[in-house]
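Residue strings, one per chain:
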Amino acid sequence: MTRRRTPRTSVIRLTTGRTARTLLHPYGHREPVLALDFGAACVLVTTTGPVTADDLTFARQLAHEATRYARSVERSFRALNDNHDAVPQRRAA
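Residues numbered from 1 in each chain as written. Predicted model: local features only at pLDDT ≥ 70, side-chain atom pairs only at ≥ 80, totals over all residues. Heavy atoms only, no water.

Examining the overall build of the protein
Item 1. A count of helices and strands for the protein gives one helix and three strands.
Item 2. Order of helices (α) and strands (β) in the protein, N terminus to C terminus: β-β-β-α.
Item 3. Looking at the 93 residues of the protein, the share that counts as buried comes to 8%.
Item 4. Considering only residue pairs separated by 6 or more positions, the protein has 15% of its internal contacts joining residues 24 or more positions apart. (Helix = DSSP H or I, 4+ residues; strand = E, 2+ residues; numbered from the N terminus. Buried < 20%, exposed > 50% of the residue type's maximum accessible area, 1.4 Å probe, protein only. Contact = heavy atoms within 4.5 Å.)

Right, here's the structure in full:
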């Protein structure tokens with residue numbers, strides 16, 4: 001990952017919970033949209049036009065970091081519950 005060229009001016013924290021979910025809208029005729037729905041707030045991730053190599057790079061980075069996040073949450077969940085059978089199953093898409 002490259003170093004940030006401009007400083008952050010703000011940070012938005014969206015916490016997960018029972019109502020949080022992710023949705024992919026894979027439109028065939030235009031660019032896909034990934035929705036991160038937190039109930040009162042929804043973040044849409046998409047491209048600015050035809051998909052570019054930079055868009056593909058970002059999508060792969062997002063997938064990689066999401067996988068790392070899921071593994072970290074699983075480790076935390078297991079450590080708190082100390083019961084591997086208590087891990088909930090993923091919901092079908």
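Some words on the packing of aromatic side chains
Item 1. Evaluation of the coordinates by the stated rule reveals zero aromatic pairs.
Item 2. Positioned over the ring face of Y27 is R30, at 4.2 Å from the centre of the ring. (Phe/Tyr/Trp six-rings, centres within 6.5 Å; stacked < 30°, edge-to-face > 60°. Lys NZ or Arg CZ within 6 Å of the ring centre and 35° of its normal.)

Comments concerning the sheet that holds strand β3 (residues 42–45)
Item 1. With respect to topology, three strands assemble into an open sheet ordered β1-β2-β3, the strand pairing being antiparallel. One side of each edge strand has no neighbouring strand; the edge strands of this open sheet are β1 (21–25) and β3. The sheet shows a mean angle of 15 degrees between the axes of neighbouring strands, taken without regard to direction.
Item 2. Across five bridges, the pairing between β1 and strand β2 (residues 33–37) is antiparallel. Looking across to β2, one finds that L24 is bridged to L34. (Pairing = 2+ DSSP bridges. Axes fitted to C-alpha atoms, helices over the stretch in contact; angles between N-to-C directions.)

Section: the pairing of β2
Successive residues of a regular strand alternate their side chains across the two faces of the sheet.
Item 1. Judged by which residues are buried, β2 turns out to be one-sided: V33, A35 and D37 face inward and are buried, whereas L34 and L36, on the alternate face, are not.
Item 2. Here four bridges tie β2 to β3, and the two strands are oriented antiparallel to one another. Paired with A35 across the strands is L44, a residue of β3.

As for the environment of T52
Item 1. Turning to its location among the elements, T52 is positioned in the loop between β3 and α1 (53–81).
Item 2. Here the side chain of T52 touches D54 through a polar contact of 3.3 Å, landing on its backbone nitrogen. (Polar contact = N/O pair within 3.5 Å; in protein donor to acceptor, adjacent residues only side chain to side chain.)

Considering α1
Item 1. For α1, spanning 29 residues, the distance from its first C-alpha to its last is 42 Å, which sits close to the expected 42 Å at 1.5 Å a residue.
Item 2. By the N-cap criterion, in which a side-chain oxygen at the helix start approaches the backbone nitrogen of a residue two or three places on, α1 is capped by T52, the distance to D54 being 3.3 Å.
Item 3. Where α1 terminates, the next one or two residues include D82, which has phi positive at roughly 50 degrees. (Expected span 1.5 Å × (residues − 1).)

Observations regarding the side chain of T47
Item 1. Relative to the elements of secondary structure, T47 occurs in the loop between β3 and α1.
Item 2. Reaching out from T47, the side chain makes a polar contact with the backbone oxygen of G49 at a distance of 2.8 Å.
Item 3. Setting aside its immediate chain neighbours within four residues, T47 contacts E31 and D55.

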